[in-house]
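# Coordinate analysis (summary)
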Amino acid sequence: MMKSVLAVTAFVAMTLTAPVQAQEKLTITPELVSAAEQEGELTLLYSSPLNAMQAFVEDFNKAYPNITVNLERKAGSAGVQMLLEESAAGVHRIDVFQGTDTGANAMVVKEKLLVPVQPQEVDQFLPSALVMAPDLYYPDRNRSLIMYNPNYVTEEEASKLQSWEGILDPAFRDKISLVEPTFGVTLAPLLYIMETPSLGEDFLRKLKQQNPTIFVNTAQARDAVISGQKPISWGAQWESIAFSEFERGAPIRFVYPKPTVEYGTNGWGVLANAPHPNAARLFYAWSVGRDGAAAMQGPAYNSLPALKNVEDGRAIVSKLKGESWFKFPEEVWNPNIESWVANGTAYQQTWTKIMKSAN
């Protein structure tokens with residue numbers, strides 16, 4: 001039977017605080033490029049939106065046109081489940097892994113499916129990038145925000161959403177959508193709620209009284225905002241997707257609550273049994289380095305790098321700064337990774353019990 005990707009509580013003490021492992025130093029050299037080009041391809045298992053990853057790979061191929069990156073998308077924990085099953089069966093197809101589900105990512109580390117590596121600029125990473133190093137690195141940052149449709153929510157009303165308790169205002173009853181917290185972008189805000197004494201279960205019960213509509217994925221919630229069906233998507237949207245939607249002209253705006261939840265977006269790793277080990281290492285080294293950081297800021301990706309001293313070069317930012325309603329976060333809150341892995345499942349169960357109760 002396949003192991004549950006959420007059964008990771010014991011892993012916290014064993015792995016996240018384990019002794020430092022022997023690490024392979026990862027540097028792009030002419031020898032590595034030559035060996036990678038001889039292999040000619042690699043397969044990336046990823047969670048990001050398709051258009052974002054396609055644009056990312058296009059930038060890689062501008063530098064290394066002789067290497068084909070085969071894309072295989074399985075969002076959330078689905079990719080990890082597949083990796084575990086294939087590894088148990090002795091099947092090794094994937095070269096590089098990118099996953100967004102923190103609990104599932106922890107399982108990949110626990111099962112030792114990845115090569116411990118040390119990127120060339122590892123000392124330039126922010127702490128959020130290193131929470132599962134050296135097996136996984138998180139080269140970009142995520143910020144949770146509240147997306148709304150200004151045709152149905154006034155600016156005066158939207159200003160209330162800067163407070164976490166603001167969503168409980170009677171003006172928002174029947175206007176809210178939530179998304180089941182089964183993966184990173186929806187679970188991170190729940191961690192803040194459950195670990196903030198002034199919020200917790202009592203806050204969730206009050207939120208339930210606002211009569212929210214519950215969706216199973218974030219795309220449904222965004223569509224509901226854009227159509228006006230549910231003009232506020234709460235606890236389910238993030239900065240890069242909001243920037244991209246605004247850039248394409250969708251009728252949305254967004255508010256960063258204070259504090260804003262910020263954490264590593266995507267965990268990247270090289271498979272220990274990668275069938276194209278050199279191409280995998282070249283692509284990985286490029287992805288988590290400065291060139292990858294620049295590519296992540298492109299208009300399709302719109303992500304914020306976790307490398308120090310890298311300016312926010314996203315083109316949409318200058319446009320947003322000209323909008324009277326837009327303001328970057330004043331204060332951020334970083335989840336504790338051990339608590340995330342150890343308590344995430346229990347928090348999900350609490351949320352489900354409250355939000356899906358008959359009362």
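Remember, predicted model here, so these are calculated numbers, not experimental data.

The subject of this paragraph is the environment of Gln124. Within the element layout of this structure, Gln124 appears in the loop between strand E5 (117-119) and strand E6 (140-148). Sequence separation between Gln124 and Gly322 is 198 residues, and the spatial gap between their C-alpha atoms is 31 Å. For Gln124, the residues in contact, after removing those within four places along its chain, are Arg290, Ala306, Leu307, Lys308 and Asn309.

For any pair of aromatic rings, the description consists of the separation of the ring centres together with the inter-plane angle of the planes. Applying the stated criterion to the full structure yields 25 aromatic pairs. Relative to Trp333, the ring of Tyr192 lies with its centre 5.1 Å away and its plane at 75°, an arrangement referred to as edge-to-face. Of this pair, Tyr192 sits in helix H7 (residues 184-194) while Trp333 sits in strand E14 (residues 332-333), and the two are 141 residues apart along the sequence. Ring centres 6.1 Å apart and planes at 85° place the aromatic pair Phe254 and Phe326 in the edge-to-face group. Linking Phe254 in strand E10 (residues 253-255) with Phe326 in the loop between helix H13 (315-321) and E14, this pair joins segments that are 72 residues apart in sequence. Here Phe254 and Phe326 have matching classes, each one buried. Three or more aromatic residues joined by ring pairs make a cluster, and in this case those are Phe56, Phe60, Tyr64, Trp268, Phe283, Trp286 and Tyr301.

With respect to the helices and strands, Val261 occurs in strand E11 (residues 260-264). Accessibility expressed as a relative area gives 0% for Val261, which makes it buried. Residues Val261 and Tyr284 lie 23 residues apart in sequence; the distance between their C-alpha atoms is 27 Å.

Bringing the nonpolar core into the picture now. Counting 58 residues, the largest nonpolar core has Leu44, Phe56, Trp268, Phe283 and Tyr284 as its most contacted members. Among all residues touching Tyr284, those that are not within four sequence positions of it are Leu26, Val96, Val117, Tyr137, Trp268, Gly269 and Val270. Core analysis: the next-biggest nonpolar cluster, separate from the first, contains 35 residues, Trp164, Leu178, Leu191 and Tyr192 among them.

This brings us to the sheet that holds strand E4 (residues 96-99). On the basis of which strands lie adjacent, the open sheet formed by 4 strands has the order E3-E2-E4-E12 and mixed pairing. Across the chains shown, the open sheet's two edge strands, defined by having one partner strand only, are strand E3 (68-73) and strand E12 (267-270). Averaged over neighbouring strand pairs, the angle between their axes works out to 20° when direction is ignored. In terms of strand pairing, strand E2 (residues 41-46) meets E3 through 6 bridges, oriented parallel. Bridge assignment links Leu44 to a residue of E3, and that residue is Leu71. Against the sheet, helix H3 (residues 50-63) engages E2, E3, E4 and E12, with an angle of about 165° to E3. Across the face of the sheet, helix H4 (residues 78-88) comes into contact with E2, E3 and E4 while running at roughly 125° to E2.

On to empty space enclosed by the protein, then. Evaluation of the coordinates by the stated rule reveals 3 cavities of 30 Å³ or more. If you add up the space inside the largest cavity, you get close to 110 Å³. Around the largest cavity, the lining residues are Leu178, Val179, Pro181, Thr186, Pro189, Leu190, Ile193, Leu204, Leu207, Trp234, Gly235 and Trp351. Among the elements that line the lining of the largest cavity, the one with the most residues is H7, at 4 residues.

Taken as a whole, the largest pocket encloses approximately 730 Å³ of empty space. Those elements that place two or more of their residues in the lining of the largest pocket are H3, E6, helix H9 (218-227) and helix H10 (239-247). Residue contributions to the lining of the largest pocket peak at 6 residues, all from H10. Grouping the constituent residues of the lining of the largest pocket by class yields 13 nonpolar, 16 polar and 11 charged.

The sharpest bend along helix H14 (residues 337-355) reaches about 55° and sits at Asn343. Regarding H14, the residues found buried are Ile337, Ser339, Trp340, Val341, Gly344, Tyr347, Gln348, Thr350, Trp351, Ile354 and Met355. Near the N-terminus of H14, the side chain that reaches the backbone nitrogen of Glu338, with its oxygen 3.0 Å away, is that of Asn336.

One pass over the structure, following the stated rule, counts 19 salt bridges. Taking the shortest distance from any N to any O, the salt bridge between Arg93 and Glu72 comes out at 3.0 Å. Remark: Glu72 occurs in strand E3 and Arg93 occurs in the loop between H4 and E4; sequence separation between them is 21 residues. Notably, a salt bridge pairs Glu155 with Arg253, separated by 2.8 Å at the nearest N-O pair. Of this pair, Glu155 sits in helix H6 (residues 155-159) while Arg253 sits in strand E10; the two residues are 98 residues apart in sequence, bridging distant segments of the chain. Taking the relative accessible area as the measure of exposure, Glu155 reaches 34% and is therefore partly exposed. Taken together, the shared-partner salt bridges in this structure form one network comprising Arg141, Arg143, Glu239, Glu262, Asp312 and Arg314.

The rules behind each value
- Residues numbered from 1 in each chain as written.
- Predicted model: local features only at pLDDT ≥ 70, side-chain atom pairs only at ≥ 80, totals over all residues.
- Heavy atoms only, no water.
- Helix = DSSP H or I, 4+ residues; strand = E, 2+ residues; numbered from the N terminus.
- Contact = heavy atoms within 4.5 Å.
- Phe/Tyr/Trp six-rings, centres within 6.5 Å; stacked < 30°, edge-to-face > 60°.
- Buried < 20%, exposed > 50% of the residue type's maximum accessible area, 1.4 Å probe, protein only.
- Core = buried A, V, L, I, M, F, W, Y, C linked by side-chain atoms within 4.5 Å.
- Pairing = 2+ DSSP bridges.
- Axes fitted to C-alpha atoms, helices over the stretch in contact; angles between N-to-C directions.
- 1 Å grid on protein atoms, 1.4 Å probe; cavity = no way out; pocket = protein on both sides within 12 Å on 5 of 7 lines; lining within 4 Å.
- Points joined across faces, edges and corners; volume = space filled by probe spheres on them.
- Nonpolar A, V, L, I, M, F, W, Y, C, P; charged D, E, K, R; others polar.
- Bend = angle between axes of the 7 residues up to and from the residue.
- Polar contact = N/O pair within 3.5 Å; in protein donor to acceptor, adjacent residues only side chain to side chain.
- Salt bridge = Lys/Arg side-chain N within 4 Å of Asp/Glu carboxyl O.

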